[in-house]
Amino acid sequence: MTEFWINMGPQHPMTHGLWNMKVQVDGETVTDAKPEIGYLHRGYEKIMEVREFQKNVVLTDRLCYVSSITWSHAYCLAVEKMMGIETPERGQWIRVVALELQRIASHLMWLAAYGPDLGLLTGLLWALRERELFLDLIQLMSGARMNQNYPRVGGVRNDLPENFEAMCRRSIEHFLEKVDNEYQRVFQESKVFHMRTEGVGKISAADAIDWGVTGPNLRACGVNVDLRRLDPYEVYEEIDFEPQVWHDGGAGDSYARFVCRFNELRESCQIILQALEKMPKTGPYRVKAPRRAEGEGYAKTEDSRGEALFYVIGDGDDRPYRVKIRSPVFCTMAATPIMLRGNKLADSVAILGSVDVCVGEMDK
Amino acid sequence: MTSAPLVPNLFAVCEVLVLAIVWVVDQILYALAGLIPPLTGLAQWFDPVARARLGMGPLGSELLIVVVTWLIAVTVIVIWATLVNLLTMMWVERKFYSRLQDRYGIMISIWSLPFWPFNRAHRPTHRGTGYLQNIADGVKLLQKENITPRNADSAMFHISPVLIASSTLMIFAALPWSSGFYVANLELGILFIFAAFSLAPLGILIAGWSANNKYTLVGGLRAAAMLMAYEIPMILSVIALVFFTGSLNPLTIVKQQERTLFSLGPLAIPAWYVFSPQILGFIVFSVSMMAEMERIPFDIPEAEAELVEGWTTEYSGMRFGLVFGFKWLRMIAGAALIAILYLGGWSGPVFVTLSVGGVPVPIVPEEAWFLLKIYLISIVFIWISWSVPRVRIDQILNIGWKKLIPYSLGAIIIAAAAIASGLWAVG
Amino acid sequence: MSAFEVIGSILVVINKRMVRAAFWLAMTLVTIGAIYLLFQSEFVFLIQIIVYAGAVPVLFVFGIMLTRRTIMDEPGPEGGP
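Residues numbered from 1 in each chain as written. Chains lettered and ligands numbered in written order. Predicted model: local features only at pLDDT ≥ 70, side-chain atom pairs only at ≥ 80, totals over all residues.

S.K.: Sorry, what's going on with the overall build of chain B here?
M.R.: What chain B contains, in helices and strands, is 15 helices and four strands. Within the span of chain B, comprising 427 residues, buried residues form 44% of the whole. For chain B, restricting intrachain contacts to residue pairs at least 6 apart in sequence, the fraction spanning at least 24 positions comes to 73%. (Helix = DSSP H or I, 4+ residues; strand = E, 2+ residues; numbered from the N terminus. Buried ≥ 20, exposed ≤ 12 C-beta atoms within 10 Å, placed from the backbone. Contact = placed C-beta atoms within 7 Å.)

S.K.: Hey, could you run me through the overall build of chain A in this one?
M.R.: If you tally the helices and strands in chain A, you get 14 helices and eight strands. Whereas a compact globule of 364 residues would reach a radius of gyration of roughly 21 Å, chain A reaches 20 Å, a difference of no more than 12%. For chain A, the spread of C-alpha atoms along the principal axes amounts to about 65 × 45 × 35 Å. Looking at chain A alone, contacts between residues at least 24 apart form 72% of all its contacts between residues at least 6 apart. (Rg over C-alpha atoms; globule rule 2.2 N^0.38 Å.)

S.K.: How should helix H13 (residues 317–342) of chain B be read in this particular structure?
M.R.: Three or four residues apart is the spacing at which side chains of an α-helix point the same way, because the helix has 3.6 residues per turn. All names here are of chain B. Taking 1.5 Å per residue, 26 residues should reach 38 Å; H13 reaches 38 Å between its end C-alpha atoms and fits that length. Among the 26 residues that make up H13, 20 are buried, leaving the element largely enclosed by the rest of the structure. With its phi angle positive at about 80°, Gly344 sits one or two positions after the end of H13. (Expected span 1.5 Å × (residues − 1).)

S.K.: Explanation requested: the interface of chain A and chain B in the structure shown.
M.R.: Frequently, the measure chosen for interface size is the accessible area removed from exposure when the parts meet. Taken together, the contact pairs 28 residues of chain A with 24 residues of chain B. Of all elements in the fold, only strand S1 (3–8), helix H4 (89–117), helix H5 (121–142), helix H7 (191–197) and helix H13 (345–354) of chain A reach the threshold of two or more residues within the side of chain A that touches chain B.

S.K.: Would you explain the nonpolar core in this entry?
M.R.: A general trend in soluble globular proteins is that nonpolar side chains are found buried together. Core analysis: the biggest nonpolar cluster contains 241 residues, and Val23 of chain A together with Ile193, Ile332 and Ile338 of chain B have the highest contact counts within it. Looking at this core element by element, the count peaks at 17 residues for helix H9 (residues 214–245) of chain B. Excluding its chain neighbours within four sequence positions, the residues that come into contact with Val23 of chain A are Trp5, Ile6, Met8, Val30, Ala33, Leu340, Leu345 and Ser348 of chain A. (Core = buried A, V, L, I, M, F, W, Y, C linked by C-beta atoms within 7 Å.)

S.K.: Just checking my understanding: could you explain the packing of helix H6 (residues 164–188) of chain A against helix H11 (residues 254–278) of chain A for this structure?
M.R.: Packed helices, taken two at a time, are described by their axes: the angle between them and the distance between them. All names here are of chain A. At their nearest, the axes of H6 and H11 sit 10 Å apart, and the two run at 165° to each other. By the criterion of interaxial angle, the relationship of H6 to H11 is roughly antiparallel. Crossing hand, H6 versus H11: left-handed. Between H6 and H11, the residues in contact are Glu165, Cys168, Arg169, Ile172, Phe175, Leu176, Val179 and Gln188 and Phe262, Leu265, Arg266, Cys269, Ile272, Leu273 and Leu276, respectively. Taken together, the residues of the contact of H6 with H11 sort by class into eleven nonpolar, one polar and three charged. (Axes fitted to C-alpha atoms, helices over the stretch in contact; angles between N-to-C directions. Parallel < 35°, antiparallel > 145°, perpendicular 65-115°, else oblique. Left-handed = near helix turned anticlockwise from the far one by under 90°. Nonpolar A, V, L, I, M, F, W, Y, C, P; charged D, E, K, R; others polar.)

S.K.: Could you clarify how one ought to interpret the interface of chain B and chain C in this entry?
M.R.: Between chain B and chain C, the residue contacts involve 22 residues of the former and 20 residues of the latter. Looking at the side of chain B that touches chain C, the elements with two or more residues in it are helix H7 (189–198), helix H8 (200–210) and H9 of chain B. Sort the elements by how many residues they give to the side of chain B that touches chain C and H9 of chain B lands first, with six residues. Partitioning the side of chain B that touches chain C into residue classes produces 17 nonpolar, four polar and one charged.

S.K.: Honestly, the sheet that holds strand S3 (residues 29–36) of chain A in this entry has me stumped. Any pointers?
M.R.: Adjacent strands of a sheet form backbone hydrogen bonds with each other and so pair up, either parallel or antiparallel. All names here are of chain A. With antiparallel pairing, the three strands of this open sheet are ordered in space as S1-S2-S3. Of all the strands in the sheet, the pair left with one neighbour each is S1 and S3. The average angle at which neighbouring strand axes cross in this sheet is 20°, direction not considered. In terms of strand pairing, strand S2 (residues 20–26) meets S3 through seven bridges, oriented antiparallel. Residue Lys22 lies in a different strand from S3, and its bridge partner there is Lys34. The strands touched by helix H12 (residues 328–340) are S2 and S3; relative to S3, the strand with the most contacts, the crossing angle is about 175°. (Pairing = 2+ DSSP bridges.)

S.K.: In this structure, what is going on with the sheet that holds strand S7 (residues 306–315) of chain A? I would like to understand it.
M.R.: Residues and elements named next belong to chain A. Within the open sheet, the three strands sit side by side as S6-S7-S8. Their pairing is antiparallel. A single partner strand is all that each edge strand has here, and the edge strands are strand S6 (294–303) and strand S8 (320–326). Within the sheet, the average angular offset between the axes of one strand and its neighbour, ignoring direction, is 10°.

S.K.: Help me understand the domain arrangement of chain B, please; the structure alone is not making it clear to me.
M.R.: All names here are of chain B. Here chain B is partitioned into domain 1 (1–85) and domain 2 (134–427). Distance between the C-alpha centres of domain 1 and domain 2: 35 Å. Facing 17 residues of domain 1, the contacting portion of domain 2 comprises 22 residues. The dominant element in the side of domain 1 that touches domain 2, judged by the number of residues it contributes, is helix H4 (residues 63–100), at seven residues. Split by residue class, the side of domain 1 that touches domain 2 holds twelve nonpolar, five polar and no charged. (Domains from an automatic or database assignment.)

S.K.: Can you walk me through the environment of Ile272 of chain A in this structure?
M.R.: Residue and element names in this part refer to chain A. Relative to the helices and strands, Ile272 resides in helix H11. Residue classification places Ile272 among the buried positions, given that 25 C-beta atoms sit within 10 Å. Taking the C-alpha atoms as reference, Ile272 lies 12 Å from Met167; in sequence the two are 105 residues apart. In this structure Ile272 touches Val97, Glu100, Leu101, Cys168 and Ile172, once residues within four positions along its chain are discounted.

This is the structure:
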């Protein structure tokens, strides 16, 4: 059959956000693909140069609207390193709890979007239902459901509310039960799900590293890379957890990516429970950050989608001289043609859904 | 004791209806004839008493009345199928999958109507049963603009919804709702229904090609490939069934299933074909029927994730409503076929027969049993389709050609062996 | 009916767009089925509809679409849906 290009986007039910995936198909087989991005480019790195250090948190929150806290935290970490200040211990623990709550919420959003990609609308409604629990927790903690503006340079905005620990435990208990009973059954134990995901969208570990794929997508290729372990920030070295790496055969396919993310949901719950246990019950949660700073700060963190990197230069003024953001999805998106080639057109959706695209941070 | 139909003969009922209407019209004509004398002859022509005096035959045998009776019978079936069952089926599906997904689902009901006069203050408009939502959606679709894409092949683009809708309605010409409630009692009724079913791939292909859009084209090609692949095992499993029935008349097939197969204590197991060696054919038939209805594990023709809306992408307004809503009509027809062929159709116990003015009225008529079976089968289909992901196109064709066709051939061999060995008698 | 059939079959031959010709072929085959119905041979009519109206034109269109280089007015990768 004749080859032709199909535009998947920018207005298409497949694209989770505003980007265009041009797919060349031969009948039903994808022969080539071209991601076309930049529809949501807002010039973040430049805007941040005209705002004060503390006010930039508002912007970094909006980098990825489903994973605000992790991005703001990466920025705060870089600025703190530049200023040479240290978050108090309780502040660090609160940050870990907030990060993992945000990671669960973000992964649930991914799971919710992955369901309709495969034609399973029930998965969307179920995942969003449980995401609501974690949004409630985050709201309890920070006061907002979205764009929380919670991490601050030098700590976090406010202390945990009084009954937060009990509510957190209750929600996580309920959530783990749902994961084991409902999601596990409707996704992982479904035969049709295996048919759709196993062996499609393969990328080798070498290719993935070459193209700069990070995070769960790289761990699905069998590479044990988790910055929370390799380059611990905050108090992650005190927490006992296992990075979710795919060890069996068939590494790098959609199923491996699904399993890695899915198991991270459980792992993050364990991290939160441990953090609530080990956290000092009282103490300062924030230090005063200086208004002006000079120097260079560099922080890389394990975002929910991969390695988020912030590089901040200050020239002694109260605003950064230069900010560089490394977005994990930007690099992953460059590698998607490798995953797509040779698969069926219907699978292109399943593959792009499994890499978890967030256009906000991709276009910056 | 088996049930009786509520409508013993559709045409007799319609004739009574027509004669009643004619009587009303006749009275109006007599009243008008007092003012306009030439109308008296016309009024007398419609009046049974005057006809008897003038030595003319009964009114019911006049060609005009027969034609009107036919038209009313066809209209009754169409309204029954679309206005009653189609809307109810959509409501059942939307409500049922909403409950699967832990939400309320549609809630527009009679309380939400702006001109509902009674007790509005204490009836929240958002807590109804939702039955009127589908009607509201239909009204919305009627109000929308019908857009024809500039590069579309206009004639074919407009023909295909007509082809799809009319071929779907043709199914109901031959589909009986009970032993009395049908339009035509065809000797080859089942074959007629399959012929009407098999016209749809052509309409879908025309729709997909004529819109001149890549999504619709791929969707149309997929639909045609899939529907054709699944029609073969479906018809093969019906051939296996014909070994047992010896007939293609739905009324005969149901009649054969009314006897008791064996008794299990107080429970009498009826001789439904699903309890016979036809069980393999039943499974193959149900799976292929699910594909024929384009339900979710097999809904690749309009896989909304990759193909926007598949072959219906370019349709808008009520044309979209036709091609989209008639999917449920095909679902009703498919579930009715499964019920007729394998689940005993409308046979069931009657419990009590009342007598209303000398006319026996069964308390649980055949129509009720038939509807119960149709809706139960549909709910099982809905249940399956909202709990599994979509299967890929090559996997669907693999299932169709490599699994279902050998199974249906196996069903034919089993059926033939059962007949040859005398395990089951024909008819 | 035969008039329709004759017109349809002529259109099959003279039509320049192959997909349209295939659909005219479908109409011709349906009218042949209708002629069977006029002869009161319902079984042959129904088989004609199932096989020749449901399946054969679809296969024809498949063949056309799978072999031709351009199916539609191709806007190229820079435009169109």
